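Listed here are the chains, written in short residue letters.
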Amino acid sequence: MNALTITDLSIDFPTTKGVVHAVSNLSLAIDKGRRIGFIGESGSGKTTTALAVMQMLASPGFVSGGSIDLGGTDVLALGEEAMRKTRLRRVSYIPQGAMNSLNPIMRVEDQLWDAIVAHEGKTDRTALQDRSDTVLESVGLPARVGRLYPHELSGGMKQRVCIALGVILTPELIIADEPTSALDVVTQRHVMQTLKDVQARIGAGLILIGHDMGLMAQSVDELAVLKDGVLVEHGAVRQIIEDPQHPYTKDLISSVPLVGGESFLDAEVGAPPVNRGKDGVPLLEFEDVRKDYGAVTALQPMSFKLDGEVPKIISIVGQSGSGKSTMGSIMLGFNPPSTGRVLFEGQDVARMGAAASLDFRKNVQAVFQDPYACFNPFYRVDHALKFPFKRFGYATSDAQVQDKMREVCVAVGLDPDLILSRFPHELSGGQRQRLIVARALMLSPKLLIADEPVSMVDASLRATILKNIYDLKDRYGISILYITHDLATAYHVSDYVIVLYQGHIAEAGPPRDVIGDPRHPYTQLLIDSIPWPDLDRSWGSDTTAAEDAEKLDAMARENKTVFRGEIPGFWLHVADREVAA
Amino acid sequence: MTDAPLTRAERRQQRRMRRFDNPWINPKLIWGIGLLLGIVILGLLGRMLWNLDLVFTGSTPLKLPPVGFENLRRQEGVWDYPLGTDGSGRDLLALIVIGAPNSLFVGLLASLIGMSLGIFLGFSAGFIGGRTDDFIRVISDVMITIPPLLILVVFQAAYGDVSLTMMALLIAAFVWQSPTRLIRAQVLSMKQSGYVQMARLSGASTMHIMFREMLPNLVPYLFGSFIANVTTSIVTAVGLEVLGLGPQRIPTLGRTIYEAINAGALIQNLWWWWGIPTLMLAVMFIGLLLVNLGLDEVSNPRLRKL
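Predicted model, so just to flag it, every value in this text is computed and none were measured. (Residues numbered from 1 in each chain as written. Chains lettered and ligands numbered in written order. Predicted model: local features only at pLDDT ≥ 70, side-chain atom pairs only at ≥ 80, totals over all residues. Heavy atoms only, no water.)

Caption draft 1: The arrangement of the overall build of chain B in detail. The helix and strand inventory of chain B stands at eleven helices and zero strands. For chain B, the N- to C-terminal ordering of α and β elements is α-α-α-α-α-α-α-α-α-α-α. Counting only C-alpha atoms and orienting by the principal axes, one finds that chain B spans roughly 80 × 75 × 30 Å. Split into buried and exposed, the 306 residues of chain B put 46% on the buried side. When contacts within chain B are restricted to residue pairs at least 6 apart in sequence, long-range pairs at least 24 apart make up 72% of them. Here chain B contributes 25 positively and 18 negatively charged side chains, and the mean placements of these two sets differ by 9 Å. (Helix = DSSP H or I, 4+ residues; strand = E, 2+ residues; numbered from the N terminus. Buried < 20%, exposed > 50% of the residue type's maximum accessible area, 1.4 Å probe, protein only. Contact = heavy atoms within 4.5 Å. Lys, Arg positive; Asp, Glu negative; His and termini not counted. Charge placed at Lys NZ, Arg CZ, Asp CG, Glu CD.)

Written out as structure tokens, the structure reads:
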């Protein structure tokens, strides 16, 4: 018996530029108790298909053909009220941003009760209490969580509450739309294990929507690869990963960077980078920098010196809340340190005059995480390139500015004629992020701070953008601080890696030692939590969640740093150190 | 002939598509602007074509009805005074030609001043923060709680006759609070946005960030707020005039209504005396409302329908 049968489904969105076929002729069947992954880039129609199953397509989209059969019911023929009853009871949806899906002014258990009452009518209070406690326990949360408000929970806990909400009425089908994309790897592993566990227990079908091949490999039984609304490949996960047929599937699999795997970067090094440093003075120096937010210490005191003579990429790795972004904003001078000093070429960043400050800005630039927010929607995208170029006094004539813009666009692989005169909303996230890299290239700073530059970009573009950033170092002599939560990419691009945990350096050293052969338990945990696109590699079992929590707790108390060696031109110091060979 | 309905439907479809493509082709917006322009044109053409001396007391026969109607004394309307005359011998067409643009002028001027103040204070509060923010917030919150009509009545009763500009200035003192709050909130959220951070990274000055990066993105809000303020200002002005306050020697729509009520136009069935100015006000408000709704649709694509 199939939980869901989709036959020849087509979904259209009429727009000003004609009808967009979001999904065309998609046919698929999902057995009860099976997990199926929908994988593809943004815009490939995976979420649209799932929403059509719930009759929740955003206007003006509509189903233009085909049928959806949910365990014997024709979903498309259901009226509003019948559909309302079907949602959650027979098919439930676990959304992407759990943060925004819970009502902030209601207790968790009230929200769970709401779901029951809306579908089963008035229910006895003790029965409600029993059921909410049971369902919370089934997702690995203590029953007392029910008495809490959403803001009192962590991201991972909220996502589990959403799962609890999705399974409380034991539906036949669960649709999970990138349920872990906002979570870090450690939490991601726990949440996915919870979801798989609960799904197996109630025997529902599961549609997991995502773009991470590694996560899919570890979580689903079958895989459906979508591209531009067309199902290009469908089969058992092992068959697809080990023997992909469609070139797009091959791309998706090869775009996952692996620790220790083959590098996605070109091995050949360009011309020897130019020496742009000042002799004897480090480019950037932290002197016992510490940052507190109220009573919370976001960054424990640390000192380092970065020479500008040979450009390097220093990676700062950690979970959300580890203090890595705080470090980035301190370096940019946006956020003054609570104690200690930040020196740029020997000058204190906090006490610079107007001229020195402009010089600092010229030489320290950034690439931010969110490429969608970085462009002013009012201006064409060339404003973001043109304005700083003129402001820093590099421009001699309009023609020169134009030539330079075209040059850097070509350098990052964008067609200047197509891109430069567009408005930001007309470009994809990947194109925007490359433009920001192009901007950095145009200004050619001595130091670039890249704060999670690819975390909001489609997987297939990540490698390209990282390659663009890597080229900045090799070809143009720009030193880079790469802030990320992704150990695999840090392994490939960086010359030195710093692993942060709760504002404290857990492990530091060359990537081949730190990531290839971690000694600190936290780094080990991070690496174990990465989902690999390799079915024979274990991703931990149900019991690991509790163990991990204990381990993390112990580490937070311990506060030791494991040093794994040094590289020339970078010197790091913290108070409490332990040197491991 | 058989394919005529089809092509018409197609043409309609095309027109809808064009409207979707270019949001400024918005029927509400066009109608609203048309109504307001109509009042301005009435004022301009009237000044050129009509004898404005007819606004003086006693320049015409009393209480004549508009053309095509009879008054209680069985007098017929005459083409010399097409909209009739009032109880003290003034031509209503001349009153409207002068009065309607006056009311619009007071509203626009008051709102313009209020908005400028609001933009300045809102940006200062949002951008500088700290004490400045506290001060501006407290003042604007306190001012919001004071009913403007009360203060204005007291003020005008004490000072007697005021000019139109003076009246606009007085009203402006009560319409800057809501734009201040609106802009402050927007500035606070925009300050954290990626493009403002980018501008800071580009070494942009505070002025550049405020006026070149942030302000353009506020334009839809500012327009909406401006139109809403014009409406409030006109309501306040007319309210004062109908109470007999406001400018005494300059014809305005509100003052005409005040005089009509005072002279017992309601019981004498002199409907044109108060009815025509009221109609003009209604046209003005409907125009402003349509412009506001239209601008809403222009700036918020989600409200647009295909």
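Caption draft 2: How the structure looks around empty space enclosed by the protein. Within the structure shown, the criterion is met by four cavities of 30 Å³ or more. Roughly 120 Å³ of volume is contained in the largest cavity. Secondary-structure elements contributing two or more residues to the lining of the largest cavity are α13 (382–391) of chain A together with α8 (194–201) of chain B. The leading source of residues in the lining of the largest cavity is α13(A), at four residues. Partitioning the lining of the largest cavity into residue classes produces eleven nonpolar, three polar and three charged. (1 Å grid on protein atoms, 1.4 Å probe; cavity = no way out; pocket = protein on both sides within 12 Å on 5 of 7 lines; lining within 4 Å. Points joined across faces, edges and corners; volume = space filled by probe spheres on them. Nonpolar A, V, L, I, M, F, W, Y, C, P; charged D, E, K, R; others polar.)

Caption draft 3: Molecular detail of the nonpolar core. Of all hydrophobic cores here, the largest spans 101 residues; its most connected members are Phe286(A) and Phe304(A). In terms of residue count, the dominant contributor to this core is helix α16 (residues 429–443) of chain A (eight residues). Those residues in contact with Phe286(A) that lie beyond four places of it in its chain are Met302(A), Ser303(A), Phe304(A), Met327(A), Ile330(A), Met331(A), Arg341(A) and Val342(A). Core analysis: the second largest hydrophobic core is formed by 52 residues, Val55(B), Leu92(B), Ala100(B) and Ile276(B) among them. (Core = buried A, V, L, I, M, F, W, Y, C linked by side-chain atoms within 4.5 Å.)

Caption draft 4: Just the interface of chain B and chain A, in detail. Counting residues at the interface gives 18 residues for chain B and 24 residues for chain A. Its largest share of buried area at the contact with chain A, chain B owes to Met198(B), Leu201(B) and Ser202(B), together 34% of the area lost on that side. Where chain B touches chain A, the interface holds zero salt bridges. There are nine residue pairs in polar contact (both at pLDDT 80 or more) connecting chain B and chain A. At the level of elements, α1 (4–21), α8 and α9 (206–242) of chain B are the ones that each hand at least two residues to the side of chain B that touches chain A. Tallying contributions element by element places α8(B) first for the side of chain B that touches chain A, with seven residues. Here the side of chain B that touches chain A is built from residues that sort into eight nonpolar, six polar and four charged. (Buried area = accessible area lost by both parts, 1.4 Å probe. Salt bridge = Lys/Arg side-chain N within 4 Å of Asp/Glu carboxyl O. Polar contact = N/O pair within 3.5 Å; in protein donor to acceptor, adjacent residues only side chain to side chain.)

Caption draft 5: Geometry of helix α2 (residues 27–49) of chain B. Residues and elements named next belong to chain B. Taking 1.5 Å as the rise per residue, α2 with 23 residues should run 33 Å; its terminal C-alpha atoms sit 31 Å apart, in good agreement. Against α3 (92–128) and α11 (271–299) lie the buried residues of α2. For α2, the N-terminal capping position is held by Asn26, with its side-chain oxygen 2.9 Å away from the main-chain nitrogen of Lys28. (Expected span 1.5 Å × (residues − 1).)

Caption draft 6: Local environment of the pattern of salt bridges. Residue and element names in this part refer to chain A. Counted according to the given criterion, the structure contains 29 salt bridges over all chains. When the shortest N-O distance is used, the salt bridge between Arg131 and Glu120 registers 2.8 Å. One end of the pair, Arg131, is in helix α5 (residues 125–138); the other, Glu120, is in helix α4 (residues 108–120), with eleven residues separating them in the sequence. Overall, Arg131 belongs to the partly exposed group, its relative accessible area being 28%. Residue classification places Glu120 among the partly exposed positions, given a relative accessible area of 35%.

Caption draft 7: Focus on the environment of Gln433(A). Residue and element names in this part refer to chain A. As for its position among the elements, Gln433 is in helix α16. For the pair Gln433 and Val457, spaced 24 residues apart in sequence, the C-alpha separation works out to 8.0 Å. Here the side chain of Gln433 touches Phe368 through a polar contact of 2.9 Å, landing on its backbone oxygen.

Caption draft 8: Structural detail: the packing of aromatic side chains. This model, assessed by the stated rule, comprises eleven aromatic pairs over all chains. Aromatic pair Tyr501(A) and Tyr522(A): ring centres 4.4 Å apart, planes at 35°, arrangement tilted. Taken together, the residues span a long stretch of sequence, with Tyr501(A) in strand β19 (residues 496–501) and Tyr522(A) in helix α20 (residues 521–529) at a distance of 21 residues. With respect to class, Tyr501(A) is no different from Tyr522(A); both count as buried. Put simply, the rings of Phe286(A), Phe304(A), Tyr496(A) and Phe570(A) touch in pairs and so form one group of aromatic residues. Across the ring face of Phe127(B), the terminal group of Lys191(B) is positioned such that the distance to the ring centre comes to 5.9 Å. Note that Arg200(B) overlies the ring of Phe334(A), its terminal NZ or CZ placed 4.3 Å from the centroid. (Phe/Tyr/Trp six-rings, centres within 6.5 Å; stacked < 30°, edge-to-face > 60°. Lys NZ or Arg CZ within 6 Å of the ring centre and 35° of its normal.)

Caption draft 9: Local environment of the sheet that holds strand β22 (residues 570–573) of chain A. All names here are of chain A. Spatial ordering of the open sheet is given by β15-β14-β11-β12-β22, a layout of five strands whose pairing is antiparallel. Pairing within the sheet leaves two strands with one partner each, and these edge strands are β15 (347–348) and β22. As defined by bridge partners, strand β11 (residues 284–293) adjoins strand β12 (residues 296–306) across seven bridges and the pair is classed as antiparallel. Counted as the bridge partner of Val289 is Met302 from β12. (Pairing = 2+ DSSP bridges.)

Caption draft 10: Local environment of the packing of helix α10 (residues 253–262) of chain B against α11(B). Residue and element names in this part refer to chain B. With their axes 9 Å apart at the nearest point, α10 and α11 run at an angle of 150° to one another. Here α10 is positioned roughly antiparallel relative to α11, judged by the angle of their axes. Between α10 and α11 the crossing geometry is left-handed. When α10 is examined against α11, the residues Leu253, Thr256, Ile257, Glu259 and Ala260 are found in contact with a partner set consisting of Trp273, Trp274, Pro277, Thr278, Met280, Leu281 and Met284. By residue class, the composition of the contact of α10 with α11 is nine nonpolar, two polar and one charged. (Axes fitted to C-alpha atoms, helices over the stretch in contact; angles between N-to-C directions. Parallel < 35°, antiparallel > 145°, perpendicular 65-115°, else oblique. Left-handed = near helix turned anticlockwise from the far one by under 90°.)

Worth remembering: the numbers are spatial, not functional.
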